[in-house]
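# Structural overview
The lines below spell out each chain.
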Amino acid sequence: MVCDVPEEQPEPDIAASDEVIRIVSGEVRIELAPGTPAARIAEIVHALGATPC
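The structure contained in this document is the topic of the report that follows. As the structure is a prediction and not an experimental result, all values here were calculated from the model. (Residues numbered from 1 in each chain as written. Predicted model: local features only at pLDDT ≥ 70, side-chain atom pairs only at ≥ 80, totals over all residues. Heavy atoms only, no water.)

## Section: the overall build of the protein
Counting secondary structure elements, the protein contains 1 helix and 2 strands. Secondary structure elements of the protein occur, N-terminal to C-terminal, as β-β-α. The 53 residues of the protein split such that 9% are buried. Roughly 5,000 Å² of accessible area belongs to the protein as shown, and the carbon and sulfur atoms make up 58% of that amount. (Helix = DSSP H or I, 4+ residues; strand = E, 2+ residues; numbered from the N terminus. Buried < 20%, exposed > 50% of the residue type's maximum accessible area, 1.4 Å probe, protein only. Areas by Shrake-Rupley, 256 points an atom, 1.4 Å probe, with all protein chains shown as cover.)

## Some words on the pairing of strand 2 (residues 28–32)
With 5 bridges connecting them, strand 1 (residues 21–25) and strand 2 associate as antiparallel partners. From the neighbouring strand, Val24 faces strand 2, where its bridge partner is Arg29. Taking the residues that link successive antiparallel strands as the turn, the strand 1-strand 2 hairpin has 2 residues, and the phi of Gly26 there is positive, at about 65 degrees. (Pairing = 2+ DSSP bridges.)

## Observations concerning the pattern of salt bridges
Going through the model one piece at a time under the given rule, you end up with 3 salt bridges. Taking the shortest distance from any N to any O, the salt bridge between Glu31 and Arg29 comes out at 2.6 Å. Under the relative-accessibility criterion, Glu31 is labelled partly exposed at 43%. The exposure class assigned to Arg29 is exposed, which follows from its relative accessible area of 52%. (Salt bridge = Lys/Arg side-chain N within 4 Å of Asp/Glu carboxyl O.)

## Digging into the side chain of Thr36
Looking at the secondary structure, you find Thr36 in the loop between strand 2 and helix 1 (38–49). For Thr36, a relative accessible area of 16% translates into the label buried. A distance of 2.7 Å separates a polar side-chain atom of Thr36 from the backbone oxygen of Ala33. For Thr36, the residues in contact, after removing those within four places along its chain, are Ile21 and Ile41. (Polar contact = N/O pair within 3.5 Å; in protein donor to acceptor, adjacent residues only side chain to side chain. Contact = heavy atoms within 4.5 Å.)

## Digging into the environment of Ile21
Mapped onto the elements of the fold, Ile21 is located in strand 1. Its relative accessible area of 26% is what places Ile21 among the partly exposed residues. Sequence separation between Ile21 and Glu31 is 10 residues, and the spatial gap between their C-alpha atoms is 5.6 Å. The contacts of Ile21, once residues within four sequence positions are left out, are Ile30, Glu31, Leu32, Ala33, Pro34, Thr36 and Ile41.

Shown next as structure tokens:
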């Protein structure tokens with residue numbers, strides 16, 4: 001989807017820098033730094049969904 005970007009972007013929340021990205025799958029909990037690249041997050045999520053051999 002393509003949309004217009006507002007001219008003024010909202011200021012980032014200062015508290016957001018203290019937060020982490022959490023991935024929870026069953027009993028597995030993974031916490032990542034907020035700056036973790038989306039590609040790395042996708043790799044982790046994909047690995048969690050993979051069935052073991």
